[in-house]
Structure formats: C-alpha cells, structure tokens
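Below are the chains, spelled out letter by letter.
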Amino acid sequence: TAFTVENQLWYIAPSNIVVETTGVEVHRVRMWGEGQQFTIDGKASRSLTDTLRVNMSRLNIAPLSALINMPGYRLVGYLGVDAQLVAPLGEMQFDARLRFDSLGINRHQFGQVAFLSDLDRERKWLSFDLVTPEGETPVKGVYDIQQKRYWVDINFPILDMQLIAP
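Just so you know, these numbers come straight off a predicted model, no measurement behind them. (Residues numbered from 1 in each chain as written. Predicted model: local features only at pLDDT ≥ 70, side-chain atom pairs only at ≥ 80, totals over all residues. Heavy atoms only, no water.)

1. Observations concerning the overall build of the chain
Right, on to step 1. Secondary structure assignment for the chain yields 1 helix and 12 strands.
Right, on to step 2. Dimensions of the chain along its principal axes, counting C-alpha atoms only, are 50 × 45 × 30 Å.
Right, on to step 3. Looking at the chain as a whole, 34% of its 166 residues qualify as buried.
Right, on to step 4. Sequence separation of at least 24 residues holds for 28% of the intrachain contacts in the chain that already meet a minimum separation of 6.
Right, on to step 5. Entry remark: accessible area of the chain is about 10900 Å², with carbon and sulfur atoms responsible for 54%. (Helix = DSSP H or I, 4+ residues; strand = E, 2+ residues; numbered from the N terminus. Buried < 20%, exposed > 50% of the residue type's maximum accessible area, 1.4 Å probe, protein only. Contact = heavy atoms within 4.5 Å. Areas by Shrake-Rupley, 256 points an atom, 1.4 Å probe, with all protein chains shown as cover.)

2. Focus: the nonpolar core
In summary, soluble globular proteins display a tendency toward joint burial of nonpolar side chains.
Right, on to step 1. Of all hydrophobic cores here, the largest spans 24 residues; its most connected members are Ile40, Leu52, Val54, Ile61, Leu79, Val81 and Phe100.
Right, on to step 2. Looking at this core, the elements that each hand over two or more residues are β4 (23–33), β5 (36–45), β6 (51–60), β7 (75–86), β8 (93–105) and β10 (125–131). (Core = buried A, V, L, I, M, F, W, Y, C linked by side-chain atoms within 4.5 Å.)

3. Here we look at the packing of aromatic side chains
Right, on to step 1. Counted by the stated rule, this structure contains 3 aromatic pairs.
Right, on to step 2. Arranged with centres 5.9 Å apart and planes meeting at 25°, the rings of Phe115 and Phe128 form a pair that is stacked. Of the two residues, Phe115 sits in strand β9 (residues 108–120) while Phe128 sits in strand β10, which places them 13 residues apart along the sequence.
Right, on to step 3. The exposure class assigned to Phe115 is partly exposed, which follows from its relative accessible area of 22%.
Right, on to step 4. The interplanar angle of 45° and the centroid separation of 6.4 Å between the aromatic rings of Trp125 and Trp151 together place this pair among those described as tilted. Of this pair, Trp125 sits in strand β10 while Trp151 sits in strand β12 (residues 149–154), and the two are 26 residues apart along the sequence. (Phe/Tyr/Trp six-rings, centres within 6.5 Å; stacked < 30°, edge-to-face > 60°.)

4. Let's talk about the pairing of β10
Right, on to step 1. Residues Leu126, Phe128 and Leu130 point to one face of β10 and are all buried, whereas Trp125, Ser127, Asp129 and Val131, pointing to the other face, are not buried.
Right, on to step 2. In terms of strand pairing, β9 meets β10 through 7 bridges, oriented antiparallel. Looking at the pairing, Leu116 lines up with Asp129 of β10.
Right, on to step 3. Between β9 and β10, which pair antiparallel one after the other, the connecting turn spans 4 residues, and Lys124 there sits at a positive phi close to 60°.
Right, on to step 4. Taken together, the 6 bridges between β10 and strand β11 (residues 139–144) define a ladder with antiparallel strand orientation. Its bridge partner lying in β11, Leu130 is registered against Val139. (Pairing = 2+ DSSP bridges.)

5. Focus: the side chain of Gln36
Right, on to step 1. Position of Gln36 among the secondary structure elements: in strand β5.
Right, on to step 2. A distance of 2.8 Å separates the side chain of Gln36 from the backbone nitrogen of Asn60, its partner in a polar contact.
Right, on to step 3. Apart from the residues within four sequence positions on either side, Gln36 is in contact with Gln8, Trp10, Met31, Ser57, Arg58, Leu59 and Asn60. (Polar contact = N/O pair within 3.5 Å; in protein donor to acceptor, adjacent residues only side chain to side chain.)

6. Details of the environment of Tyr73
Right, on to step 1. Tracing the sequence through the fold places Tyr73 in the loop between α1 (65–68) and β7.
Right, on to step 2. In the structure, Tyr73 is positioned 33 residues away from Asn106 in sequence and 5.7 Å away in space, judged by C-alpha atoms.

7. Focus: the pairing of β5
Right, on to step 1. Of all 10 residues in β5, 8 are buried; the element is thus mostly enclosed.
Right, on to step 2. Here 9 bridges tie β4 to β5, and the two strands are oriented antiparallel to one another. Bridge assignment links Val29 to a residue of β5, and that residue is Ile40.
Right, on to step 3. Here β4 folds back onto β5, and the loop between the two strands holds 2 residues, one of which, Glu34, carries a positive phi near 50°.
Right, on to step 4. Where β5 meets β6, 6 bridges bridge the pair, whose relative direction is antiparallel.

In structure tokens form, the structure reads like this:
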C-alpha cells in the first residue's frame, strides 16, 4: 500500500496487529519511502516479559522542529534507531541506540552523534549519554524510574540555553 505525506511517497508492507485485553501484538509493521525506513515488531503490554522493538533508518528529523514549538530552535539531520521497550503500557523500561547521521540545531552542525541508554534493572535507573565520534559526551544523565526524577548534565557552549525554559 502506498500513501503520500507532504509530497513524499511512503509504502507500508502487509502486517498483522492484534489488539487484546492484555496488550497489542504487532507483527513486523514496516513503512519506507525515499531512503527512510520504520519497523515495529513485538508486544506492547504491562508485562515485563513483553517487548516492543522499534527500528528506524535515515529518518528525516526536520519535521520534528514543529513539535518543539520553541522560537529559535530548528532541527536538521537524519536518525537511525534500535530500541527495545519493555512493558510499554506499564512501568516502561527501555534500552535504545539512536544514531544521528548528521545533527544540526539552528546554525550549529554537530555531525554524527549517538544517544545511548542503558537500563539498570536492579536500581530501576536509566542512564543516557549523547556521544560524539571523538568520544565527547555533551549530555549525560540518569532517570530514576521509581522516583520519576532525572538528573542531566548538559554542555553545549555553542547554544543559548536560555531559550530552554522549564
């Protein structure tokens, strides 16, 4: 099946989605178009035994600028994602590897960067880092799942952080 979004032709492969009282089972939902690809497979439920896998390849992030809704910020670049969401309808836990082939915010180009997250199941903490190819980590943080609190250290000297208001 083919469809168009903002003058871009997309295709969706035949797949199967089963909605049950215990969750939603997704059997390889795949969409692609103009060098981009998006795949979801697995089960979304409250159970820690169920996992939903999400993969994206060369997804254009420019349209996400409209979601930010902050004057002065514009995103450009392409994103690749390998993520696993455990119990996404309950106390979600996830492990993700996001690769930006090229990331730019406003006039500043960061080039290739990766967002890495690791779940500490015992402490119920999610640690995350934004890593450059040179090994620099301009963003490091931890999310405490039980307390629903996060700590983040951001070091972007070329961006005006005053544009971000809590």
